[in-house]
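Structure at a glance
The lines below spell out each chain.
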Amino acid sequence: MSALSAQAITMRFGGLVAVQDVSFTVQEHQIYAVIGPNGAGKTTLFNAITGIYEPTAGVVQFFDRVVCLTFSWRSAIRIALTSLACALATVIAVNIQNLWQASIIENYVYAQPFPWSNGLRDLFGALCGLSFASGVLAAILGGLAGGGAALVLWWRSRRTPDLIARAGVARTFQNIRLFNELSLVQNVLVGMDHRMRAGFWSALFRSPRFHAERTRFHAEALELLSFVGLADRSHDAAGSLPYGFRRRLEIARALAGKPRLILLDEPAAGMNHSEIVDLIALIRRVRDAGTTVVLIEHHMRLVMGVSDRILVLQYGRQIAEGTPAEIRANPACVEAYLGTESHG
Amino acid sequence: MRWRPGPIVCILGIAAVLPLIELFLPQPAHVSEAVRGVFLYAILALGLNVVTGYAGLLNLGIAAFMAIGAYAFAILTCEIYPFQIGFWPGLLLTLPVGALAGFLLGAPTLRLRGDYLAIVTLGFGEIVQDVLKNLDVVTKGTQGINPVPAPSLGGTMWTAEDEYKWYYLLLALLIVVILAIRNLERSRLGRAWFSIREDELASRSMGIRVERIKMLAFSAAAAIAAFAGGLSTSVLSSTGEPSNYDFQVSILALCIVIVGGIGSIVGVLVGALVMIGLNSIVLVKATAVLETMGIGGQSNVLLSPNNWKYLIFGLALVLAVRLKPHGLVPPRIERRAT
C-alpha cells in the first residue's frame, strides 16, 4: 500500500505556476525526501498535499484513499435544515411586531393566566395572514441566503488541513510554528486533541471520563517528549526553547496525533552538526516506529544518508525521482542542485 | 502534594469576609452594595476573557450579549409579560439564549480575523441597541422593562434592602462562573482556544476544528455575558434603557480584561476590582467627601473627580499597556496536568 500518492499536482497562483504536473508515490515505512533549489515549489507542494492549498489540478491520495468530504445525506439534511431555519427566522424577524401583538399582547390580561392555546392559534393565524412580500418572499430570500451560505461553507470545508490531520497525516513547518505561550506538554497535547473524546460537557462537569482521559494523555505526552529528548523541560513555555529544540518539539507535536504519515519541512534548517546527527537518529526511530516520513531538506548529508527515495524539483517541475544513488548519478540533478566543484 | 490556596481562592476568601468591615466603620458605608458592580462586571469580563483572552478573537460588542440576556430575562420573568417563569429558570435560560445569540453572530464571521472581526462585533453591538430601542412592541423601547423580580430561594426573598443577601448571592454566582470557566480552560477545549490564539494555521494542521472551537468560544462568552445581563437586571429590578448597554460597557469590560491580565481569571478579577472600584467606589466617594468639604459639586464641575473618570480610565489603560503589557496579573504557563 502506498502511504502517499500524488498524481499530476499543479498549483497555480494567478499567472504563476508554482508546481506543475508533479507525480510521485511514497510507499509505507519509507523515508522519502523532496529536494530542490530555493523557490522550486517544495513547500507549496507540501501545502497542497496537506490541504492548506487546494491544488489547481491533480489528485492526492493517502493510503489509497482520497481524503475529502463527499456529499452525503447528512450534509444534505444539514444544509436543508439551515435553509429552513433561516427562512423561518427571516419571516419572524420581518414580522415580529405583528406576530407579537397578535399572539401575546392581545391575549394577555394583566395578572391573569395566559391562554396559551389562544396565543398559539393567533400566532398561526397571523402567520397565515401575512402578505406575499413579508411572508413567502421573506421566507424564500432567507432560505436561499441560509442554504447558500451553508452550501458554500460545506464546499469550502471539503478538504481542510484538520480533516487531513485527522486522517493520520501530520506535518511540521519550515518556519517553526509552535504555540509559544503554551508549555511543551500542552503543545504536544494539542497534537493529540483529535484522539480525545471527552467533550464540552465532560470538561465542564469534570466527568470520570475526563479525568481518565487527562491522566492517560498527559502520561503519553511526557513519554513523547522524552522520545524526542525534551522531557526535562516539559513544563517550560515553548517560546523559551532554543532553536534546535523547537524543531524537535514540532516533530513531537506532529507525532502526538499518532500519524501514519509525517511530513517534515526542512527539519534540519539552522541546526549544527551534532544536532543533525541527533535528528537523523530521531527520523530513523520515527520510521522504525511505523510512521512513513516525507521530508524537504537542503542538507545533503542528511538526505543522502536517511532517504530511501528522493524527488528533485526545479522551477516547479519534477526533474528526477529515484534512490539516492540514482540521483547522485543523474547529471541533470547534479547541475540543478548539487552543483559541481568546477564552478567553485 | 499539599493543597495550598491559589490566588483565586485568596481573592474570593477576602471577598467573603469583606462585609465585616462595616462593623468597624463609624457610620454605615454600604461597602457590600458598592461591590455589587464589581461582581457583575467581573462576570461580564470573564465572559469577554473567554473569547478575547483565550481564543484571541477581539470582541467589541460584548455589551450586546449582556443586553440580550437582560431583555430575555426581563421578558421571561416580568409580570407585564405572560411568561413569568420566575427568577431561577429565567436566569438559567439566559445562558442558552446568549449562546444562541453568540452562535448567530459567530457563524457568519468565522473567517474574519483581528480588526475585521472587531469591526463586525462593534457593529453588532450598535445594531442590538437600535433593535431594542425600536422594537417597542416587544421591548418597551427606551422605557426599559420593569419591575423585574428579585430572586427567592426556599421562602427567603431578596429585597432591595437586603444588601448582604445580594452581596453573597452575587459572590456565589461569580464563584460558579469562575469554576465553570476554569474547568473549560483546563481542558482540551481551553487548550484548543489557546492554540488558535497562538497560531491558527498550525492548530488546524494538528487536526483542531478551528470553526467549531471559535463558535464555542463565541457562544460561551455570549452565554456568560447574557448571564451577567440577566443578573444585573434583577439587581436593578429593571432593564433600564437600551443605551445602558452601549459601546462604553463593552470598552469598560475590555479595559478590565486588558488592565487585569488578558487570558487570566485572577487578572480579570483584579481588573474588575481596579476599574469598577475606581469607577463606582473611589471616584464616587471622593466626590462626596469633597462636596461635604464644599469643594466641587454644583459650584465647580472641574473639581469633582467623578467628571474625570473617562480621562482616568484612558490614563489607566495607557499606563497598563505601557508598563504592564500583559496586565497586572498575567496568565501563567500552566504547570499542572491540563
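For the structure given in this document, a descriptive report is provided here.

How each quantity is defined
- Residues numbered from 1 in each chain as written.
- Chains lettered and ligands numbered in written order.
- Predicted model: local features only at pLDDT ≥ 70, side-chain atom pairs only at ≥ 80, totals over all residues.
- Helix = DSSP H or I, 4+ residues; strand = E, 2+ residues; numbered from the N terminus.
- Rg over C-alpha atoms; globule rule 2.2 N^0.38 Å.
- Buried ≥ 20, exposed ≤ 12 C-beta atoms within 10 Å, placed from the backbone.
- Contact = placed C-beta atoms within 7 Å.
- Pairing = 2+ DSSP bridges.
- Nonpolar A, V, L, I, M, F, W, Y, C, P; charged D, E, K, R; others polar.

Scanning chain B from N- to C-terminus turns up 14 helices and two strands. The C-alpha atoms of chain B give 20 Å as radius of gyration, which agrees with the globular expectation for 338 residues (20 Å, within 12%). Buried residues in chain B amount to 47% of all 338 residues. Put simply, of all contacts in chain B between residues at least 6 apart along the chain, 75% involve residues at least 24 apart.

All right, on to unusual backbone geometry then. Cis geometry is found at the peptide bond from Asn146 of chain B to Pro147 of chain B, where omega equals 0°. A positive phi angle, near 55°, is found at Asp21 of chain A, a position not held by glycine. Tracing the sequence through the fold places Asp21 of chain A in strand β2 (residues 16-27). Looking at Asp21 of chain A, the number of C-beta atoms within 10 Å reads 14, which means it is partly exposed. Phi is positive for Lys140 of chain B, close to 65°, though the residue is something other than glycine. Structurally, Lys140 of chain B can be placed in the loop between α7 (136-139) and β1 (152-153).

So, on to the environment of Arg166 of chain A. Mapped onto the fold, Arg166 of chain A is located in helix α5 (residues 161-166). A residue is classified by how many C-beta atoms lie within 10 Å of it, and Arg166 of chain A, with 18 of them, is partly exposed. Separated by 28 residues in the primary sequence, Arg166 of chain A and His194 of chain A have C-alpha atoms spaced 6.5 Å apart. Sequence-distant contacts of Arg166 of chain A, that is, excluding residues within four places in its chain, are made with His194 of chain A together with Gly207 of chain B.

On to helix α1 (residues 42-49) of chain A. Residues and elements named next belong to chain A. For α1, a buried count of seven out of eight residues is recorded, marking the element as mostly surrounded by other parts of the structure. Of all the residues in α1, the buried ones are Lys42, Thr44, Leu45, Phe46, Asn47, Ala48 and Ile49. Looking one or two residues past α1, Gly51 carries a phi angle of roughly 90°, positive in sign.

All names here are of chain A. As judged from the eight bridges shared by strand β1 (residues 2-13) and β2, these two strands associate in the antiparallel manner. Within the sheet, the bridge partner assigned to Met11 lies in β2 and is Val19. Where β1 hands over to β2, the hairpin turn is made up of two residues, of which Gly14 adopts a positive phi near 60°.

Taken together, the 34 residues of chain B in the interface contact 43 residues of chain A. Secondary-structure elements contributing two or more residues to the side of chain B that touches chain A are α7, α8 (163-185), α9 (188-198), α10 (200-205) and α11 (210-236) of chain B. If one sorts the elements of the side of chain B that touches chain A by residue count, α9 of chain B sits on top with seven residues. When the residues that make up the side of chain B that touches chain A are grouped by side-chain class, the tally is 18 nonpolar, seven polar and nine charged.

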